[in-house]
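# Coordinate inspection notes
This is what each chain is made of:
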Amino acid sequence: MAVTLTSAAAKHVSAFLAKRGKGTGLRLGVRTTGCSGLAYKLEYVDETRPEDVTFVSHGITVVIDPKSLPYIDGTELDFAREGLNEGFKFNNPNVKDACGCGESFSV
Amino acid sequence: MALLQIAEPDASPAPHARKRAIGIDLGTTNSLVATVRHGLAVVLPDAEGRPLVPSIVRYGENGVVTGYAAMAKQASDPHNTIVSAKRLMGRGLADLDGDRRFPYRFVDTPGMVRIGTRAGVKSPVEVSSDLLRALRERAEASLGGAIDGAVVTVPAYFDEAQRQATKDAARLAGLPVLRLLNEPTAAAIAYGLDNAAEGIYAVYDLGGGTFDISILRLAKGVFEVLATNGDTALGGDDFDHRVFCWIIEAAHLPPPSASDARLLLVKARTAKEQLTLHDETAIVASLSDGTPVDLVLTRTTLTGITANLVAKTLQPIKRALRDAKLAATDVKGVVLVGGATRMPQVRRAVAELFGQPPLTNLDPDEVVALGAAIQANKLVGNRDDEDWLLLDVTPLSLGLETMGGLVEKVVPRNSTIPVARAQEFTTFKDGQSAMAIHVVQGEREKVADCRSLARFELRGIPPMAAGAARIRVTFAVDADGLLDVSAREETSGVAAHVSVKPSYGLTDGEIARMLQESFAHAADDMRARALAEEQVEADRIVEATRSALAADGDLVDADERARIDAALAEVARLRAGDDHTALRAANAQLNRATEPLAARRMDRGVQRALTGRRVDALSD
């Protein structure tokens, strides 16, 4: 399995990284918090750790810590617009249940 | 599901913990709203992708419209279509005297000017709040929920009244205002200069209709406004007008009709913008009577016909540098703000004056809003990795009136805000039961030369001898530069306070004038202060002498009485003059003449206190 980006997501990540002026990729992960137990992490990568798992998707390096990987393996990260609002969406096949807003979930 | 943003490493927010923070550049001609997204400051465009909102509000038959929709009706419904409300913020009708640019039905009310519209009488605060409401709604749609905090920018020269008016407008629009921020400071933040080396920076802001230059000093993360200057009637519109005149001349056109003039102005503006990127551009139009216009304008010609406009911006820069006692070479970096600074001839002139290329990699229309958004993002707590807050400074000194019409400065100019300063004052007369507190703003030594902000009275001071009461007056300026003054008599605890919301404010020209006058009149002011101080001293001694003579006149013989009367007369004579050294000598003379009397009064007082009392009763 792997974690991938849609081409729209990759395009935006690459533009944000260029504007930010530093960073080697995108870190995806989960942590145990929130109303449904788990919450996503979505961060710029300035340093990778030895245990990190990396994928490359549409030219973007995706970094995931091994503990998070089982929860998000198979995820496709998409970039979406809803009216004037915009941001990233996790299309995560492992999710059983999510809270109404989708900011936290359980597997 | 929610749309997520990329965070800085190890800074992913907890679910629902990310706060929605925005920065608003409330401009004279255009306004913008920005936020920090994916760690980057971005302007929030409307559904058509347009970042700017024309600062125009129309009170139409079917409700309020703002921005481009209001602009479309500007010519056909001028009375109900309010442009440049920012110029009216915190202003009284008297402040606008002679300014005939406004086509509105002004209503003369005490305090701020009001405008009669179809929807009733509107104050500039209400007009601005309608604009801010539209920006808030755009931000809420873009960020997917209610706004947690907003930073709104104001010109550095805005006084208390104008700042308060701006803050009121934001609150009225339902915006939680974290603070107001000076526009040049916001521009500097957008360029990250707050993280840069300490030093002097210049912000050159050529907007649609106004020009401002600010000289800032960055020290310990604080931007201090050293000087501001500018021209409230010079901007990009004047460049359009020059091109418009050139078209009329070059195409040998008769004076155009109103609709042709509008068409040609649009063509002129487009041509000007084209010449930022290209060396020449075609101007093609067909007038209402069918007359064709087909011209080519080169960048060289544009530079030629607008050279004196560019030159007009250089004078205020030199004045600002002179006020700050700096040379152009002291400036470490120059920030460009305002769409008109895209023009190559402007950039060249600025680069030549400062001997270095200006910073231009951010969009000059957006840079103020971006800086405000970065500040809002920090204040709302989205970046807890950085614990410092950027501070601003007071533009003019704040103080109060003391005896003799003198100003006691409590908060000096350029104090970093928020700030609270307290000072103790006392009563002047025996049994004085109230004290008038007159709050003033300015650099001069005499109240008459400063601006009056507020007056209030501390009442209920218990009767005490002159000089015995201890009245602590506290000046507190909050992070937005708004002032709260409180007074408290320490022995009795009676207190009074005032929040300064003056009825209307100073123009930028007045602030500049007040500052310059304070330098020019330094010597006069010093003499005036010395004279006023001696006059107060004279009044105090005369008062004390008269009450002593009234109470214990029998203690002086005729000779001594004559000496005292002569000294009193001499003080009275010099009190009316303007020679402070002579008055000081007369005061001293009167003091000496009354010393024996004072000593005998003391003895009599002690005797009275002791008479008929046993020694052991006094031992404690």
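Preceding block: the structure.
Here is a short report on the structure shown in this document.

Rules behind the numbers
Residues numbered from 1 in each chain as written. Chains lettered and ligands numbered in written order. Predicted model: local features only at pLDDT ≥ 70, side-chain atom pairs only at ≥ 80, totals over all residues. Pairing = 2+ DSSP bridges. Helix = DSSP H or I, 4+ residues; strand = E, 2+ residues; numbered from the N terminus. Axes fitted to C-alpha atoms, helices over the stretch in contact; angles between N-to-C directions. Contact = placed C-beta atoms within 7 Å. Nonpolar A, V, L, I, M, F, W, Y, C, P; charged D, E, K, R; others polar. Core = buried A, V, L, I, M, F, W, Y, C linked by C-beta atoms within 7 Å. Buried ≥ 20, exposed ≤ 12 C-beta atoms within 10 Å, placed from the backbone.

### Focus: the sheet that holds strand S20 (residues 398–402) of chain B
All names here are of chain B. Ordered by their spatial adjacency, four strands build an open sheet running S21-S20-S24-S25, and the pairing between neighbours is antiparallel. Edge strands, defined here as strands with exactly one partner in the open sheet, are strand S21 (406–411) and strand S25 (451–458). Taken pair by pair, the neighbouring strands of this sheet meet at an average axis angle of 30°, ignoring direction. Pairing geometry for S20 and strand S24 (residues 435–441), over three bridges, is antiparallel. Residue pairing for S24: Leu-398 is matched across the bridge by Gln-441.

### What to know about the sheet that holds strand S18 (residues 331–337) of chain B
Residue and element names in this part refer to chain B. Ordered by their spatial adjacency, four strands build an open sheet running S15-S14-S13-S18, and the pairing between neighbours is mixed. Where the open sheet ends on each side, the last strands, each with one partner, are strand S15 (222–231) and S18. On average, adjacent strands in this sheet sit at an angle of 20° to one another, irrespective of strand direction. Examined bridge by bridge, strand S13 (residues 199–206) and strand S14 (residues 211–219) share eight bridges and lie antiparallel to one another. Counterpart to Val-203 in the pairing with S14 is Ser-214. Relative to S13, helix H4 (residues 183–190) is tilted by about 110°, and along the sheet it contacts S13, S14, S15 and S18.

### Re the interface of chain B and chain A
Contacts between the two partners involve 25 residues from chain B and, on the opposite side, 29 residues from chain A. Per element, the largest residue contribution to the side of chain B that touches chain A is four residues, and it comes from helix H2 (residues 124–143) of chain B. Partitioning the side of chain B that touches chain A into residue classes produces 15 nonpolar, seven polar and three charged.

### Examining the nonpolar core
Membership of the largest hydrophobic core comes to 112 residues, with the highest contact counts inside it found for Ala-34 and Ala-150 of chain B. Among the elements that take part in this core, helix H10 (residues 367–379) of chain B stands out by supplying nine residues, more than any other. The contacts of Ala-34 of chain B, once residues within four sequence positions are left out, are Ile-22, Gly-23, Ala-41, Val-42, Val-43, Leu-44, Glu-366, Ala-369, Leu-370, Ala-372 and Ala-373 of chain B. By size, the runner-up hydrophobic cluster in this structure holds 27 residues, among which are Ala-9, Val-13, Val-63 and Phe-90 of chain A.

### Description of the pairing of S20 of chain B
Residue and element names in this part refer to chain B. In terms of residue burial, S20 counts as a mostly covered element, since four of its five residues are buried. As paired elements, S20 and S21 share five bridges and run antiparallel to each other. By the bridge assignment for S21, Leu-400 is matched with Glu-408. Here S20 hands over to S21 after three residues, with Gly-404 in that stretch at a positive phi of 85°.

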